[in-house]
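The lines below spell out each chain.
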Amino acid sequence: PFPDNPALAAELAARAGRFVGVDPSDNVFDNPYTREKHKLFVEEYAASAPFDLATLRMVAEHVTDPAAVIGALARLVK
């Protein structure tokens, strides 16, 4: 429901202290809710502080190195 429910998306985004978008495509710049946008793979992203939560949307079919993605998430999340 998140991408198809702008009211809920805006409410949840407003509750987040940090809301970062990471995507290797230009689509990352189209997300109106993220406050930081980074055009790169999650494996390449370095955060200044760990996150409480990370989600992946429409990613599984594009992952070529699952261990690297899991490693990045382990590094990025508290």
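What comes next concerns the included structure. (Residues numbered from 1 in each chain as written. Predicted model: local features only at pLDDT ≥ 70, side-chain atom pairs only at ≥ 80, totals over all residues. Heavy atoms only, no water.)

### Topic: helix 2 (residues 66–76)
1) Next: Taken residue by residue, helix 2 has Val 69, Ala 72, Leu 73 and Leu 76 as its buried positions. Projected down its long axis, helix 2 shows its buried positions confined to an angular sector of 95°, all on one face. Opposite the packed face of helix 2, turned more than 90 degrees from it, sit the exposed residues Ala 67, Ile 70 and Ala 74. (Buried < 20%, exposed > 50% of the residue type's maximum accessible area, 1.4 Å probe, protein only. Helix = DSSP H or I, 4+ residues; strand = E, 2+ residues; numbered from the N terminus. Arc of directions from axis to C-beta.)

### Notes on the pattern of salt bridges
1) Next: Throughout the structure, instances matching the rule amount to three salt bridges.
2) Next: Taking the shortest distance from any N to any O, the salt bridge between Lys 39 and Asp 26 comes out at 2.8 Å. Of this pair, Lys 39 sits in the loop between strand 2 (36–38) and helix 2 while Asp 26 is found in the loop between strand 1 (20–22) and strand 2, placing the two residues 13 residues apart along the sequence.
3) Next: Using a relative accessible area of 45% as the deciding quantity, one classes Lys 39 as partly exposed.
4) Next: The salt bridge partner of Lys 78 is Asp 52, with a shortest N-O separation of 2.9 Å. Linking Lys 78 in the segment after helix 2 with Asp 52 in the loop between strand 2 and helix 2, this pair joins segments that are 26 residues apart in sequence. (Salt bridge = Lys/Arg side-chain N within 4 Å of Asp/Glu carboxyl O.)

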